[in-house]
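Report on the structure
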Amino acid sequence: VYVLPEPGRHYTVGVDSAKGTLKGDRTSFSVLNDFTGEQVATIRGPYRPDVTTTLSYKLLMFYNEGFGVPEANGLGAAVSEGLEKTYHYPNLFRHAPDKPVGYNMTGTRKMELFAKVSAGLVAKSLIPNDRQTIRELQAMRVTKGLQGIGAPEGEHDDCATSFELSTVNRVE
């Protein structure tokens, strides 16, 4: 936690889910102050989807009942569904009212979102505070076949992805 929640402020929590094993990707949470664009908190670890759902809910409640943007792909679908059906959390991202909860991170969407985040970083309207997030954002590369963007082979983009998701409310 870099900055505690301020009364009356709006926050967005981006969630990139993983399996919860010690090898491979980590689950990552990034909390953004929607007004200032500052990353105010991060969490990263080997959390299973059920634990990720609970941590997401607690983080959303702590940050003034923030806006949740869990990734809808893969294991993120279980987190999105858990937030909606187990916790009945209403303030969650949907691409459209008739679409499921969560951000469907296609290659094209990830490239578009990264371009918007890059512009925000250059303009200093987005302020990451986490060193790992900054390293991952700097390392992002277009993937083979120009189908998307991600970490170089053998590296991770979990923190970068959760940061990107936390900006959806601000940049979309």
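Residues numbered from 1 in each chain as written. Predicted model: local features only at pLDDT ≥ 70, side-chain atom pairs only at ≥ 80, totals over all residues. Heavy atoms only, no water.

1. Some points on the environment of Val-69
Within the element layout of this structure, Val-69 appears in strand β4 (residues 67-70). Val-69 gets classed as buried once you look at its relative accessible area, which sits at 0%. In the structure, Val-69 is positioned 96 residues away from Leu-165 in sequence and 6.0 Å away in space, judged by C-alpha atoms. (Helix = DSSP H or I, 4+ residues; strand = E, 2+ residues; numbered from the N terminus. Buried < 20%, exposed > 50% of the residue type's maximum accessible area, 1.4 Å probe, protein only.)

2. Here we look at unusual backbone geometry
The backbone of Asn-64 shows a phi angle near 55 degrees, a positive value even though the residue is not glycine. Tracing the backbone through its elements, the reader meets Asn-64 in the loop between α1 (49-62) and β4. If you check the backbone angles, His-88 has positive phi at about 55 degrees while not being a glycine. In this structure, His-88 sits in the loop between α2 (76-86) and α3 (107-123). By relative accessible area, His-88 is classed as exposed at 60%.

3. Things to note about α1
Taking 1.5 Å of rise per residue, 14 residues should cover 20 Å, and α1 covers 20 Å from first to last C-alpha, within 8% of that figure. If you check which residues of α1 are buried, you get Pro-49, Thr-52, Thr-53, Ser-56, Leu-59 and Leu-60. In an axial view of α1, the angular spread of the buried residues amounts to 135 degrees, which keeps them on one side of the axis. Structurally, α1 contributes buried residues whose contacts are with β1 (11-16), β2 (27-33), β3 (39-45), β4 and α2. Just beyond α1, the residue with positive phi is Asn-64, at close to 55 degrees. (Expected span 1.5 Å × (residues − 1). Arc of directions from axis to C-beta. Contact = heavy atoms within 4.5 Å.)

4. A short note on the sheet that holds β1
Read from one edge of the open sheet, 4 strands run β3-β2-β1-β4, paired in mixed fashion. Across the chains shown, the open sheet's two edge strands, defined by having one partner strand only, are β3 and β4. Across the sheet, the mean angle from the axis of one strand to that of its neighbour is 15 degrees, orientation sign disregarded. The pairing of β1 with β2 spans 6 bridges and is classified as antiparallel. Across the sheet, residue Val-13 finds its bridge partner in β2, namely Val-31. Running over the sheet, α1 touches β1, β2, β3 and β4 and is turned about 15 degrees from β2. (Pairing = 2+ DSSP bridges. Axes fitted to C-alpha atoms, helices over the stretch in contact; angles between N-to-C directions.)

5. Here's the deal with the packing of aromatic side chains
Taken as a whole and judged by the stated rule, the model has 6 aromatic pairs. Both rings, one in Tyr-11 and one in Tyr-63, keep their centres 5.0 Å apart while their planes meet at 65 degrees; by these two values the pair is edge-to-face. Here Tyr-63 lies in the loop between α1 and β4 and Tyr-11 lies in strand β1, a separation of 52 residues in the sequence. For the pair formed by Tyr-11 and Tyr-63, the shared burial category is buried. Ring geometry for Phe-29 versus Tyr-47: centroids 6.4 Å apart, planes at 55 degrees, classification tilted. Of this pair, Phe-29 sits in strand β2 while Tyr-47 sits in the loop between β3 and α1, placing them 18 residues apart in sequence. On the basis of relative accessible area, Tyr-47 is assigned to the partly exposed category, the value being 24%. An aromatic cluster is present here, built from Tyr-11, Phe-62 and Tyr-63 joined pairwise through their rings. (Phe/Tyr/Trp six-rings, centres within 6.5 Å; stacked < 30°, edge-to-face > 60°.)

6. So, the environment of Ser-17
Relative to the helices and strands, Ser-17 is located in the loop between β1 and β2. For Ser-17 and Cys-159, which are 142 residues apart along the polypeptide, the C-alpha to C-alpha distance reads 10 Å. Filtering out sequence-adjacent residues up to four positions away, Ser-17 remains in contact with Thr-27, Thr-52, Leu-75, Gly-76 and Val-79.

Function cannot be read off these values alone, since they describe shape.
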